[in-house]
Structures are given as structure tokens and as C-alpha cells.
Amino acid sequence: MAVFSSARFPLALMAAAALTACGGGDDTTTTTPAATTQSVSIDFAATIGSSVLNIGTCADTQVNGIATRGGAAVNAKLTDLRFYVSNVKLLKADGTAVAVTLDESTWQANAGTDSVALIDFEDGTCTNGGATGGTNTKITGNVASGTYVGVSFVLGVPESLNHVNPALSTTPKPIDASVPGMAWSWQAGRKFMKIELSPENATTAGTYTGGVQIITAAGAQATTTTAGVTTNVANTNAFVYHLGNTGCVADAAATATGGYTCSANNQVPVTIAAFNPTSQRVTMDLQALFAGNNATQNTTGTAAGCMSAADDPQCPAMFTALTGAKSGGTVFRAIAK
């Protein structure tokens with residue numbers, strides 16, 4: 001599937017130029033060289049299965065069928081949805097990957113051979129904390145002229161940027177102090193992805209407080225629900241999914257990774273082999289991401305939801321879903337605009 005085509009100089013004009021030169025006249029013919037780069041714009045969306053979410057203010061963030069309670073789909077409030085995309089590349093039919101140079105803006109930056117952009121679906125009215133106060137669902141930039149059929153990127157922040165102190169004036173947006181909600185302490189790095197849900201109460205429809213059951217490690221119910229709180233206060237009632245590198249410690253020798261090494265690198269490479277940015281957009285399917293998990297339950301004594309810990313019972317199913325993105329899974333896929 002052709003996505004972009006490089007400009008080609010018309011043969012007829014080439015022939016005309018040759019005839020003029022042979023005629024020995026005084027007329028000269030100038031030509032415009034073929035463009036060496038072309039612009040690219042990649043739109044992102046969020047879906048629940050085949051339903052595209054139209055996320056606006058907090059009142060509009062109810063989503064249906066995202067979580068399960070005893071195998072049955074339930075509704076939830078989506079209070080936060082942000083993630084970093086880095087090192088975007090367009091793919092040629094022969095598999096060659098060509099890097100996209102991002103336009104510099106509040107939402108995206110280039111740094112050496114790495115680049116990073118923040119995709120942000122929350123508008124600051126419903127998030128549990130650290131809101132950016134705006135939304136961004138598009139990546140723009142330019143790429144070497146050519147014909148492209150697919151796209152690849154990494155879910156996460158490159159290690160060359162992940163541990164940069166957000167408070168420094170030299171730290172570029174969107175990984176600086178203007179996005180506090182995506183910082184995971186500057187030693188540990190950034191949250192690559194931040195999703196927070198407040199499931200609907202099991203007995204009171206339309207109520208999104210007290211929707212997370214606390215269970216024991218064996219699966220037995222420990223208490224009825226968490227304490228009832230409003231959705232935009234502390235996330236004690238939310239199922240939180242924060243993806244990021246874990247086990248990060250200072251290491252002066254690790255200069256290429258900002259002076260830190262991490263025992264678990266949780267960046268996720270994503271490849272969409274067939275993608276046309278003119279007619280399609282990339283979606284993150286929350287239903288596919290949460291499949292195999294139960295966002296209405298949390299094991300007692302563990303973090304609220306999944307904080308990327310390998311020994312957290314709420315994490316394995318979510319890591320499995322993201323791992324599938326490396327080989328064309330359904331968490332990230334192309335859909336029509």
C-alpha cells in the first residue's frame with residue numbers, strides 16, 4: 001500500500017530541456033530539484049474495541065466495557081490517559097525503516113539521534129494529578145522522500161532522555177517540569193504511559209466511587225470496596241496503570257543513559273506494518289490492553305493497580321498484552337480516520 005511517493009522529474013520536461021541546450025540559443029531552462037524530504041502527520045486515537053472514545057471534559061470520560069468483574073464487562077471513568085512515543089519511523093515495502101524528524105513544539109522534541117513526543121488525551125479536568133491542561137493527539141515532522149507503507153515507534157522515553165532532570169532549563173518539553181504527572185522521580189525516569197480508571201460501583205449504577213474491590217493474594221475478597229472518594233482526588237479508588245522502567249539506580253559509568261541503569265527496561269517497540277497516515281490513525285485499544293485483567297480488583301498490600309512491578313499480581317496480564325504490540329498485536333493498530 002503506497003503512502004507517500006517522492007517527486008519525480010517529468011520525462012517530457014527533461015526532453016525539452018535537452019532540445020533547448022542542443023539548439024545553441026540564448027534561452028536557458030531552470031528546473032526545481034526533487035524534494036529531499038516530505039512532511040508527515042500521524043494522528044492517534046483511543047478506542048474500546050471498535051468504539052472510538054470522544055474524550056472531552058471529565059463528564060465525558062465514561063467508557064463502557066473496559067474492565068471485568070467476574071467475567072462481565074463494567075463501565076468506568078477514564079481519568080487519565082497519556083503516553084510517550086519515541087523514535088518514530090516510516091517503513092518501506094522492503095522493510096527499511098526511515099526515521100522521522102519531529103517538528104519542535106511543546107509536545108515533541110529531537111535530541112541527538114533520539115526523539116520523543118507526548119500523546120495526551122486528558123484535558124486537566126478529570127486527572128488525578130499533574131495535568132498538562134491541554135491535549136495532543138498528533139505527531140508531525142518530516143521524513144526523507146520516498147514511498148512508505150507502515151510505521152514503527154517505541155512506547156516510552158529513550159534512555160538517553162529518560163533520566164534527565166526535568167527541572168533543568170536545558171530539558172526539552174515534553175519531558176520537563178511542565179509535565180509533573182509523567183515524572184517518576186527524576187532518578188527513576190518517566191512514566192512511559194499513564195492510565196487511570198475509576199470503575200463503576202458494583203451495586204450503584206452511575207457511581208464511580210468505591211468501585212475497586214480489595215482482594216487477598218489468593219483472590220478472596222478482603223473488604224467490600226475501597227473508601228468512597230471522588231474521581232479527581234487521590235487515586236485511592238482508581239485502578240492505576242503506570243508503565244516505566246523499574247530497578248533504576250545511579251551508575252556514574254552509564255553516561256549514555258543519563259548516569260543510571262535499570263534492571264527492567266519496559267519500553268515497548270510497536271510495529272504497524274500496514275499504515276496510511278492520510279486515511280488512517282493509530283489507536284490504543286484500552287479493551288485489548290485490559291483484557292485478561294480485572295480493573296475492579298486490587299490485591300491487598302500492593303500498589304493501586306499496576307506500577308510495572310514484575311511481582312504485582314495486576315501486572316503480568318498487562319505486560320503480556322503490550323508484548324504483543326511488538327509483533328502486530330491489537331493494543332496498537334491502524335483504524336480509519
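Presented here is a report on the structure given in the accompanying data block.

## Focus on the pattern of salt bridges
Inference 1: All chains considered together, the criterion is met by seven salt bridges.
Inference 2: Two residues, Asp43 and Lys337, come together in a salt bridge whose shortest N-O distance is 3.1 Å. With a gap of 294 residues between them, Asp43 in strand β1 (residues 37-48) and Lys337 in the segment after β21 (332-336) connect regions that are remote in the sequence.
Inference 3: When its relative accessible area of 16% is taken as the criterion, Asp43 is described as buried.
Inference 4: With a closest N to O distance of 3.4 Å, Lys194 and Asp80 form a salt bridge. Linking Lys194 in strand β11 (residues 193-199) with Asp80 in strand β4 (residues 72-91), this pair joins segments that are 114 residues apart in sequence. We note that Lys194, like Asp80, is buried.

## Quick word on the pairing of strand β14 (residues 239-243)
Inference 1: Among the five residues that make up β14, five are buried, leaving the element largely enclosed by the rest of the structure.
Inference 2: Burial along β14 is two-sided: Phe239, Tyr241 and Leu243 facing one way and Val240 and His242 facing the other are all buried.
Inference 3: Note: β14 against strand β20 (residues 305-306), two bridges, orientation parallel. Bridging from a neighbouring strand, Tyr241 pairs with Cys306 of β20.

## A few points about helix α4 (residues 316-323)
Inference 1: Burial in α4 covers these residues: Met318, Phe319, Ala321 and Leu322. Axial view of α4: buried residues confined to an arc of 160°, hence all on one face.

## A word on the packing of aromatic side chains
Inference 1: All chains considered together, the criterion is met by six aromatic pairs.
Inference 2: Measuring from ring centre to ring centre gives 6.1 Å for Phe44 and Phe83, while their planes differ by 65°; the resulting arrangement is edge-to-face. Remark: Phe83 occurs in strand β4 and Phe44 occurs in strand β1; sequence separation between them is 39 residues.
Inference 3: Here Phe44 falls in the buried class, since its relative accessible area comes to 5%.
Inference 4: The exposure class of Phe83 is buried, given its relative accessible area of 0%.
Inference 5: Note on Phe153 and Phe332: the rings are 5.6 Å apart at their centroids and 85° apart in plane angle, and the pair reads as edge-to-face.

## A short note on the layout of surface pockets
Inference 1: Approximately 170 Å³ is the volume attributed to the largest pocket.
Inference 2: In terms of lining, the largest pocket is formed by Phe44, Ala45, Ala46, Val52, Leu53, Asn54, Ile55, Phe121, Thr135, Thr137 and Arg281.
Inference 3: Here the lining of the largest pocket is composed, by residue class, of seven nonpolar, three polar and one charged.

## A few points about the state of the cysteines
Inference 1: Taken as a whole and judged by the stated rule, the model has two disulfides.
Inference 2: Sulfur-sulfur distance for the disulfide between Cys306 and Cys315 comes to 2.1 Å. Between Cys306 and Cys315 the disulfide shows an S-S torsion of about 110°. By sign, it is right-handed.
Inference 3: Taking relative accessible area as the criterion, Cys315 reaches 0% and is therefore assigned buried.

Criteria and cut-off values
- Residues numbered from 1 in each chain as written.
- Predicted model: local features only at pLDDT ≥ 70, side-chain atom pairs only at ≥ 80, totals over all residues.
- Heavy atoms only, no water.
- Salt bridge = Lys/Arg side-chain N within 4 Å of Asp/Glu carboxyl O.
- Helix = DSSP H or I, 4+ residues; strand = E, 2+ residues; numbered from the N terminus.
- Buried < 20%, exposed > 50% of the residue type's maximum accessible area, 1.4 Å probe, protein only.
- Pairing = 2+ DSSP bridges.
- Arc of directions from axis to C-beta.
- Phe/Tyr/Trp six-rings, centres within 6.5 Å; stacked < 30°, edge-to-face > 60°.
- 1 Å grid on protein atoms, 1.4 Å probe; cavity = no way out; pocket = protein on both sides within 12 Å on 5 of 7 lines; lining within 4 Å.
- Points joined across faces, edges and corners; volume = space filled by probe spheres on them.
- Nonpolar A, V, L, I, M, F, W, Y, C, P; charged D, E, K, R; others polar.
- Disulfide = S-S within 2.5 Å.

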